[in-house]
Each structure stands twice: as C-alpha cells, then as structure tokens.
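Descriptive analysis of the structure
Chain by chain, the residues:
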Amino acid sequence: MQYRKDRLNRHRIARYQAWEAQLTDYLFKKGYQERGFGSIAWPDRWLFRDFLARYLSTIAGQESELLRELYLSTGIHPSLPRRLRDRDPKVRAQAAKEIAVFRLDEPAEHAPPPVAERPWRWKPGIRMEGYIDHVLPLLDDPVPFVAHTAAQTLTHSRNLKFAAPVLAWVMREELYQRERLLRVLEGFGPSLLPWMKENLESPDQSPEPWILFALLAGSHRHRESLPRLIWLLDIPNVDLRASVLKALIILADPAVYSKVQGFAASPAWEIRAQVARALGVLGGPSAVPDLLPLMADPVYEVRRNAAQSLVDLGHSGVSALTWLADDLAADRFARDIARERLEWADERGHM
Amino acid sequence: MTRRWPIQTTVLVVEDDPATAKIIQVRLEMEGLKVLVAANGLEALEILQREKIDLISTDLMMPAMNGFRLVQEVRDLPPPKGRIPILLLSSNHSEQDMVRCLAAGADDYMAKPISVQVLVERLWRLYERSHRAG
C-alpha cells in the first residue's frame, strides 16, 4: 500500500516538474499559438486537472483563459454530471469545485461558437452550459462539506437565480453557523442585496433572513442599503436590531446618530452593547456624554463596549475615563470598567 | 506602453508556492529583469543582505515569516534598502488586510488571483515612482 502511494507520488512530482516547464513556454513564449501544450497521457488527465487548478487560484487575466482552455482540451468535463452523482462524497465535492475553478458556469461563453470560428478542439454535441444546474441538488447532500462546496460553486457563478436556494440552505443551518456562512453568500457580490430587498418576505413575518441582509450590507459597505437598514431598526426583533446596529457601525454615517441613541435605553442588553460601540463611531468626541451612562450598565458587555468606545475616541474619551476612574462618587461598576480599560489601553500603548 | 527597465534591475519575488513563483519569475525575466526567488520572509531578508534589490513582490501568507513582518523588517533597514518599493500579493480580499498592508509600509497591494500583466505594470509604476522620487 505504502509502496504504491510512494510510486504515485513520485509519478506526480515528475509529471508536475515536466508540465511546469511546458506551461511557462505555453503561456509566455507563444506556445499556445505555435506548438500547443503537448499531449497529456490518458491516465494523467486527472493529475493534469489538479495541476491546472493550483494555478487558477492565483493567476487571472489572459493566462487564466489559456489555463481553462487547456483544461477543456483534456475532455474530462463531459463526465461532470456523472461525477456530481458519484457515491464517493469527495468525488462529488471535487466535481462541484471543478465547475467553479474552471468557470464552467458561464453559459454565454459556452454556447457553441459560429461554424467559421470553431477552434480545432471544439466537438459537436459537447455543450458546456448547464453544468451549474447539476450542482443545485447537492445543496441537499447529506455530507456537509459537499453541500458547502456546492453552495460556494453556486455563489461563485454570481447568478442570482441561485440566490433563493442558497439562502434557504444557509437558513437551514444552525444560528451560530450563519455568520460564518456569510462568506459563502458574499460570493454573489453586492447585487445580492437589491435582490434580497425585492424578494425576502416582510421582516415582521420572517426576520431571520433580514439579519443576513444587515450583516451583508455591513460586510459589503453597501451605503445604498442605509435607508432599508434604518427602516429595519423599527422592527421589534432583538437579533435583527443588533445586526442592523453592527452594520451601521461599519457604514459609520453620523446622520443616524440620534436614531441609534434612541436605543440606549433598550431593555435588551444585546442592543445596548451595540449602541455603546455605535455611539463612539458615529458621534466622535461629542458622544462622550451619551456614553457615560452606559458605563454604569448592569451588563458587563455594555460597560466594556462603552469604555472601549471612549478609549477609541482618543484624548477626550480617555480624559472622561480617567475622571470616572478617580471619582469616588461614581457608580462602582463604572469606576471598575474605567480602570480596567485604562490599564488595557496603557499596556498596549494606546495612550 | 513601452517599459524600459535599466539593465540588471533586480526583482525579489517572495512566494511560498513554487508554481506561482515560477510563473511570475518567467514573466518578469521576459521583461529583461533579473529575478531572485525566496520561499518566505526569512529567506528574503538573507537575500537582501547580500544582493542589490530594486523591487520586491511578496506574498502575504507564508510560513516562517509572513508578508507583513517582511515589510516591517525591510522598512527598519537603513536606506537605500529600507526604501525598496514593495508590492504585496494576498488571497485575502478584506479591506482591513489591505489597510494593514499599506500601513505596514507596503507601496501597493494586489488581491489574488492576479493578472501577471497587471503585476508587471504595477511593478513598473513602483519602479518609476521610486526613481522619480530619487
């Protein structure tokens, strides 16, 4: 067994070394026009696919087009629908990934070229469009990493016809997983946000997808979503409001300061904790009087965020914290957190 | 546009993936540049000690010493080595990382996947700018 693995590894290294030299000639010394890449032995086609995939994560532009052509010339892509249904989950995931890496999800490019322009490699009957649709059922795959790879491939296509199924897949995951899965949704790009505005159910009935909307608006810094975020603040759902406040912190528009300040007395500590961060970012030094009451909040996270906002404000905030730390008449919680944050800032040289 | 690199202009390519390093090396050599390759920041600093380098193109995530640390170490060197233009390449597209790279002292930043043509153009701009500034 080990002997066989070693032999395969040696073979892989030898092939890679030979192909690396051929590839640079092919890409940069006009090899693609004059000589082609050279033939790939039939059993080495899968190895060659992996070899090309390594480059496509780092190389873009004209070279990546040539790499993709090389992949297509191996003729392994027609087996994708079969591999997407394979019994082995690794094969299914690999096939889904292959569609994203080699961009076999762009129907416009894959339509048969006009007869006069057909390259010598083009074979009638082989149409590359439509592979991406075969990936869709994998969202229900019982193996989590296969479903995850399928979702990544679908978002990578940036085709919003897959937005609804991918969003439904995210919503089926546990709550704590959803923020992590935002990275997958980000693959659709900023055009997902207008789509969500148009297609999501009302936040009164179903607030959870709107939490993702708020977090995505923040991660894309999508200022066009600001009016919708302000509107969402009026929906009485704690998680939604906290997520909207997180997005507003990132967008940092001072015009929403008074609206945010209205939530400083919210009964939910999750909201007050976000308000404590937001006020400092949105209001600057003028937020100090509004942050001081939050320093005496009964919940530690709120006090810590308020104190951190004061540290981040620089001179005016640190002066307020120093005054509070020395004021024996001040709330004990407020004094303690002021001292703790001042020490924290001092240790890290922030003062 | 035509780029006229002076003879013996040397670029240090710091990249832990040999396949990517090779692609960049061949393309830069076609420009007439002398290219030295290091697999991580520590190797790059060793090469910097003994060679005259005009430009550095470095990956961000590398073992032993990453791109951030390398930029900081280079900027701590006395001039002229401390002023070598540095282009950082990263597969992480986050805005924070971009800001961190530039704040660390890198002159420019490119997110992977990169177009090799654009990389050459960016290096040329950095070279031109540094030589205009003297």
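Further up the page is the structure itself.
Cut-off values and rules
- Residues numbered from 1 in each chain as written.
- Chains lettered and ligands numbered in written order.
- Predicted model: local features only at pLDDT ≥ 70, side-chain atom pairs only at ≥ 80, totals over all residues.
- Heavy atoms only, no water.
- Pairing = 2+ DSSP bridges.
- Helix = DSSP H or I, 4+ residues; strand = E, 2+ residues; numbered from the N terminus.
- Axes fitted to C-alpha atoms, helices over the stretch in contact; angles between N-to-C directions.
- Contact = heavy atoms within 4.5 Å.
- Phe/Tyr/Trp six-rings, centres within 6.5 Å; stacked < 30°, edge-to-face > 60°.
- Buried < 20%, exposed > 50% of the residue type's maximum accessible area, 1.4 Å probe, protein only.
- Lys NZ or Arg CZ within 6 Å of the ring centre and 35° of its normal.
- Buried area = accessible area lost by both parts, 1.4 Å probe.
- Salt bridge = Lys/Arg side-chain N within 4 Å of Asp/Glu carboxyl O.
- Polar contact = N/O pair within 3.5 Å; in protein donor to acceptor, adjacent residues only side chain to side chain.
- Nonpolar A, V, L, I, M, F, W, Y, C, P; charged D, E, K, R; others polar.

In sheet architecture, strand pairing relies on hydrogen bonds along the backbone and comes in two forms, parallel and antiparallel. Residues and elements named next belong to chain B. Strand order in the open sheet made by the five strands is β2-β1-β3-β4-β5, with parallel pairing throughout. Each edge of the sheet is formed by a strand with only one pairing partner; in this case those strands are β2 (34-38) and β5 (108-111). Between one strand axis and the next, the sheet turns by 20 degrees as a mean value, whatever way the strands run. Contacts between helix α1 (residues 18-30) and the sheet are confined to β1 (10-14), β2 and β4 (86-90), with β2 contributing the most and set at about 165 degrees to the helix. Contacts between helix α2 (residues 41-50) and the sheet are confined to β1, β2 and β3 (55-59), with β2 contributing the most and set at about 135 degrees to the helix.

Another point: the packing of aromatic side chains. All names here are of chain A. Considering all chains together, one arrives at twelve aromatic pairs over all chains under this definition. Relative to Trp19, the ring of Tyr16 lies with its centre 6.3 Å away and its plane at 40 degrees, an arrangement referred to as tilted. One end of the pair, Tyr16, and the other, Trp19, are both in helix α1 (residues 2-28), three residues apart, so they sit about a helical turn from each other. The same class applies to Tyr16 and to Trp19, which are both buried. A cation over an aromatic ring shows up here: Arg45 above the ring of Trp42, its NZ or CZ 3.5 Å from the ring centre. The ring of Trp344 carries Arg341 above its face, with NZ or CZ at 4.8 Å from the centroid.

Moving on, we come to the interface of chain B and chain A. The interface of chain B with chain A comprises 15 residues on the first partner and 17 residues on the second. When chain B packs against chain A, the two sides together hide about 1,400 Å² of surface, and 66% of this comes from carbon and sulfur. The tally of links from chain B across to chain A stands at one salt bridge. Across the salt bridge formed by Arg54 of chain A and Asp17 of chain B, the nearest N and O atoms sit 3.6 Å from each other. Where chain B packs against chain A, one counts four residue pairs in polar contact (both at pLDDT 80 or more). Among the elements that make up the side of chain B that touches chain A, the one with the highest residue count is α1 of chain B (seven residues). Class assignment of the residues belonging to the side of chain B that touches chain A gives a composition of seven nonpolar, three polar and five charged.

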